[in-house]
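Chain by chain, the residues:
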Amino acid sequence: MSALVLAWRNVLRNRRRSFVTLLIAALGTASILVAGGFAQYTYDSLREGAAREFGHLTVAHADYFDKDEESPLQYGLEGHEALVAELERDRRVRRVLPRIELSGLISNGDKSMIFMGIGADIMAEAAVRGPFLKLVAGELADGDRTDGPPRVLLGVELAESLNARPGSSLTLIGTTAAGGMNAMDVEVAGTISTNWPDVDKRLIYAGIGTARRLLATDKVGMLAVFLQETGDTPALRAELEARDPVHAFKPWWEQSAYYVSVRDLYDRIFGLLGVIIAALVFFSVTNTLTMAVAERTREIGTLRALGAAPADIVGEFVREGVLIGGIGAGLGMLVAGSTMVALLMFDIQMPPPPGRADAYPLRLYADPVFYLLTSLVILALCAAAAWLASRKAAARPIVEALGHV
Amino acid sequence: MIELRGIGKRYRVGDSIVPALSEVSLTVPHRAFVAIRGPSGSGKSTLLNICGLIDGFDDGSYRLEGENVGALNEASRTLIRRRHIGFVFQSYNLVPVMSVRENVEYPLRLAGVSDNERQRRVDAVLAQVDLSDQAERRPDLLSGGQRQRVAIARALVKKPALVIADEPTANLDTATANRVIELMRELGRQYGATFLVATHDDRMTAHCDQVRTMRDGVLQ
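Computed from a predicted model, the values in this text were never measured in an experiment. Numbering of residues starts from 1 in each chain and follows the order in which that chain's sequence is written. Following the order in which they are written, the chains are lettered starting with A and the ligands numbered starting with 1. The predicted origin of the model limits local features to residues at a pLDDT of at least 70 and limits the giving and counting of side-chain atom pairs to 80 or more, whereas totals for whole chains, interfaces and linings rest on all residues. Based on all heavy atoms of the structure, the side-chain values leave hydrogens and waters out of the count.

(A) Layout of the overall build of chain B. Helix numbering and strand numbering both begin at the N terminus, where a helix is a DSSP run of H or I of at least 4 residues and a strand a DSSP run of E of at least 2. The secondary structure content of chain B amounts to seven helices and ten strands. For 220 residues, the compact-globule estimate of 2.2 N^0.38 gives 17 Å, and chain B sits close to it at 17 Å. Along the longest, intermediate and shortest principal axes, the C-alpha atoms of chain B span 50 × 40 × 35 Å. Residues counted as buried form 55% of the 220 residues belonging to chain B. The size measure is the radius of gyration over C-alpha atoms, and the globule rule it meets is 2.2 Å times the number of residues to the 0.38 power. Relative accessible area decides the class of each residue, using a 1.4 Å probe on protein chains only: under 20% of the type maximum gives buried, over 50% gives exposed, and in between gives partly exposed.

Structure (structure tokens):
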């Protein structure tokens, strides 16, 4: 008879009590894994979304992020083509795309609205970033055409405000890099949605050449560096910062306040949830084994009289705790894994997050390291609970234990 | 082999001190079968607990096999119990989740005896208590007499120098008690163990080499 067989028999002495405890350990494990899997999926989605939006790294003038510009593109990049070529020589870099942030007024002749825009190579951005814009009407076209007025994409709500549709003519009015005013007629190529209604009220996308002409400059605002692997970002940033002190290199996570705040919030929510679940499992196992210890006090006295050391007694209860925890953790993993598969099979949508218009699919990640760590934590909690429940009884005077009724 | 000199034991009950044993001296030679008799509360069990190293004392000295065991710490006392002392309890105190074989085997496991040797010794002692055919059964399926025979086998399987038996026949009918007494005497001789038995059963005392009487914590 192995020690584990004996522990299992002892667990089965009070089947209903052990079953309930085991169920709590299983549900606790499953809850932690499901909540953690959802958080991991969310972090991953937000990470990839942020990296696609900003680029894994943003390269700009050293003062671009820290100082306010007195005129547009005061801290822009001159002669960026050489820098683009140098960056794209690195095999980890997939593409480097220039961008200009724009702001000004957009008018249909009767009504003017403030716009916040981005000047970028729209087709190249689409090729690198995938379907990053939801085209509502018209087409996703290259804005910098030469055979007609430049074309722009309008946020769907801005287009509604201006009563504009694909083919409509509008006028952009902005401040040039030298501080003067400039105006430019553009044609609406299409309307787009970012699923952020507040953004869609102000958004325009223009070609990089169009933006430069509006600002009357050869500079660009920044370079968005897209990598083959998101995980290469920290290393490449460190290398670039070490060899190029002239420019600033900002990674995606410093650009995406949304990612940081969501992660911060989820870490707190799920962290607290995990602590509560762990406490529930701990107290449940402690309660079960405390009752078992009380019921077996005479037996403990007998075994001590026969020559068992207190550590032998505690070891027996710890094995029982570990068995409950181990089986509970195993069942919990099974439940969490099944839930993950079920969510893949049945498309369940989560309601849109605050400030957004689009729902997103409910998915769970099953990270083996997270599963292993969670199981080990549950096992450790159960072992600790068993130790706590049995240590006093094991050290109790033998005569007292034998006389226990 | 057992040498108690002037043993005193007191319990604290609330604010008062109650003497349990006073000036108890006892010498028990090797392989003797000694009964301590007396009414309930006379101190028999307390004396046996001290001799079995599961309880301490306040005054006097206790030498077991020449060693002063009164001064030992709990870990050393545990080791002596594990190797040299067997117990037979009035209520058998078998572990219900273990089979007969596993109950008997348990002291050998604690002592670190090898698998083969354990098997051999357990088979032998079960045959001696006539329970070979019950080896795989759980204790709750056995009669009282059978359970006490399992307890005797468990006490003797490690070939102890001393067996402490506290009222071993109190829960048994006359025929079964006689069988158990005979078995203890016979196996005690075979295993070379000294038996110290607390009893107020005359059937038991008739078989003993020495009978001492306790009264109010004093050994007569």
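(B) Broad picture of the overall build of chain A. Regarding its fold elements, chain A presents 14 helices and twelve strands. Against the 2.2 N^0.38 benchmark of 22 Å for 405 residues, chain A shows a C-alpha radius of gyration of 31 Å, more extended than a compact globule. Judged by the C-alpha coordinates and their principal axes, chain A covers about 100 × 45 × 35 Å. Here chain A holds 405 residues, and the buried ones make up 48% of them.

(C) Layout of the packing of aromatic side chains. All names here are of chain A. Pairing of aromatic side chains requires ring centres within 6.5 Å, counting the rings of Phe and Tyr and the six-membered ring of Trp. Pairs whose planes differ by under 30 degrees are stacked, by over 60 edge-to-face, and all others tilted. Evaluation of the coordinates by the stated rule reveals twelve aromatic pairs over all chains. Pairing Phe-282 with Phe-283 gives two aromatic rings, centres 5.5 Å apart and planes at 75°, and the pair type is edge-to-face. Phe-283 gets classed as exposed once you look at its relative accessible area, which sits at 54%. Distance and angle both matter: a charge sits over a ring if NZ of Lys or CZ of Arg is within 6 Å of the ring centre and within 35 degrees of the ring normal. Over the aromatic face of Tyr-43 sits the side chain of Arg-263, whose NZ or CZ is 4.1 Å from the ring centroid. Here the basic side chain of Arg-391 rests over the ring of Trp-387, its NZ or CZ set 5.0 Å away from the ring centre.

(D) Examining unusual backbone geometry more closely. One non-glycine residue with positive phi stands out, namely Leu-73 of chain A, at about 60°. Tracing the chain through its elements places Leu-73 of chain A in the loop between β1 (57-61) and α3 (80-88). Residue Leu-73 of chain A is classed as buried on the basis of its relative accessible area of 4%. Positive phi, normally seen in glycine, also occurs at Glu-167 of chain B, with a value near 50°. Examined against the element boundaries, Glu-167 of chain B turns out to sit in the loop between β7 (162-166) and α6 (174-191).

(E) Spatial organisation of the sheet that holds strand β9 (residues 210-215) of chain B. Residue and element names in this part refer to chain B. Pairing is mixed across the open sheet formed by six strands, whose spatial order is β6-β7-β8-β3-β9-β10. Every interior strand has two partners, whereas the edge strands, β6 (85-88) and β10 (218-219), have only one. Examined bridge by bridge, strand β3 (residues 33-37) and strand β8 (residues 194-199) share five bridges and lie parallel to one another. From the neighbouring strand, Ile-36 faces β8, where its bridge partner is Ala-198. Only when DSSP finds a minimum of two bridges between them are two strands counted as paired.

(F) Inspection of the packing of helix α2 (residues 15-54) of chain A against helix α13 (residues 368-395) of chain A at higher detail. All names here are of chain A. Only the stretch in contact is used when fitting a helix axis, every axis being a line fitted to C-alpha atoms; angles between N-to-C directions are given from 0 to 180 degrees. Remark: α2 packs on α13, axes separated minimally by 10 Å, with the N-to-C direction vectors making an angle of 150°. Classified by the angle between their axes, α2 and α13 sit roughly antiparallel to one another. Considering how the two elements wind past one another, α2 and α13 form a crossing that is right-handed. Contacts from Thr-29, Ile-32, Leu-33, Gly-36, Gly-37 and Gln-40 in α2 reach Phe-370, Tyr-371, Thr-374 and Ile-378 in α13. Residues are grouped as follows: nonpolar covers Ala, Val, Leu, Ile, Met, Phe, Trp, Tyr, Cys and Pro; charged covers Asp, Glu, Lys and Arg; every other residue, Gly included, is treated as polar. Residue composition of the contact of α2 with α13, grouped by class: five nonpolar, five polar and no charged. With respect to orientation, any angle under 35 degrees is reported as roughly parallel, any angle over 145 as roughly antiparallel, any angle of 65 to 115 as roughly perpendicular, and every other angle as oblique. With the far helix as reference, a near helix turned anticlockwise by less than a right angle produces a left-handed crossing, and one turned clockwise produces a right-handed crossing. Whether two residues are in contact is decided by their heavy atoms, any of which lying within 4.5 Å being enough.

(G) A look at the sheet that holds strand β1 (residues 2-13) of chain B. Strand order in the open sheet formed by four strands is β2-β1-β4-β5 (chain B), and the pairing between neighbours is antiparallel. Either end of the sheet is taken by a strand with one partner, and the two such strands are β2 (16-28) and β5 (67-68) of chain B.

(H) Just the pattern of salt bridges, in detail. Think of a salt bridge as a Lys or Arg side-chain nitrogen and an Asp or Glu carboxyl oxygen that are within 4 Å of each other. Summed over the entire model, instances satisfying the criterion amount to 36 salt bridges over all chains. The partner of Glu-241 of chain A in a salt bridge is Arg-237 of chain A, and the shortest N-O contact between them spans 3.4 Å. Remark: Arg-237 of chain A and Glu-241 of chain A occur in helix α8 (residues 233-243); sequence separation between them is four residues, near one turn of the helix. When its relative accessible area of 39% is taken as the criterion, Glu-241 of chain A is described as partly exposed. Between Arg-121 of chain B and Glu-117 of chain B there is a salt bridge; the shortest N-O distance is 3.6 Å. Here Arg-121 of chain B pairs with Glu-117 of chain B, and both are found in helix α4 (residues 115-128), just four residues apart, close to one helical turn. Look at the salt bridges and you will find they share partners, linking Arg-304 of chain A together with Glu-74, Arg-77 and Arg-81 of chain B into a network.

(I) Region of the structure containing the pairing of strand β5 (residues 151-155) of chain A. All names here are of chain A. Extensive coverage of β5 is indicated by the burial of five of its five residues. Bridge analysis of β5 against strand β7 (residues 181-193) gives five bridges, and the strand direction is parallel. Bridged to Arg-151 within β7 is Glu-187. As paired elements, β5 and strand β8 (residues 203-206) share three bridges and run antiparallel to each other. Each bridged residue has a counterpart across the sheet, and for Leu-154 the counterpart in β8 is Ile-204.

(J) Layout of the environment of Ile-118 of chain A. Residue and element names in this part refer to chain A. Here Ile-118 lies in strand β3 (residues 112-120). Owing to a relative accessible area of 23%, Ile-118 belongs among the partly exposed residues under this scheme. Separated by 190 residues in the primary sequence, Ile-118 and Ala-308 have C-alpha atoms spaced 77 Å apart. In this structure Ile-118 touches Ile-100, Leu-102, Ile-204, Tyr-205 and Ala-206, once residues within four positions along its chain are discounted.

(K) Fine view of the interface of chain B and chain A. Contact residues are listed per partner, giving 23 residues for chain B and 19 residues for chain A. Take the accessible area each of two parts loses on contact, using a 1.4 Å probe, and add the two losses: that sum is the buried area. In this assembly, chain B packs against chain A so that about 2000 Å² is buried in total across both faces, 60% of it on carbon and sulfur atoms. Considering only the surface of chain B that becomes buried against chain A, Ile-54, Val-97 and Tyr-106 of chain B emerge as the three largest contributors, covering 25% of it. Counting across the chain B and chain A interface gives three salt bridges. Between Arg-9 of chain A and Glu-102 of chain B there is a salt bridge, with the nearest N and O atoms lying 2.5 Å from each other. Counting of polar contacts relies on pairs of N or O atoms within 3.5 Å, with two restrictions inside protein: one atom must be capable of donating a hydrogen and the other of accepting it, and residues adjacent in sequence are counted only when both atoms are side-chain atoms. Where chain B packs against chain A, one counts ten residue pairs in polar contact (both at pLDDT 80 or more). Among the residues forming the side of chain B that touches chain A, the class breakdown is nine nonpolar, five polar and nine charged.

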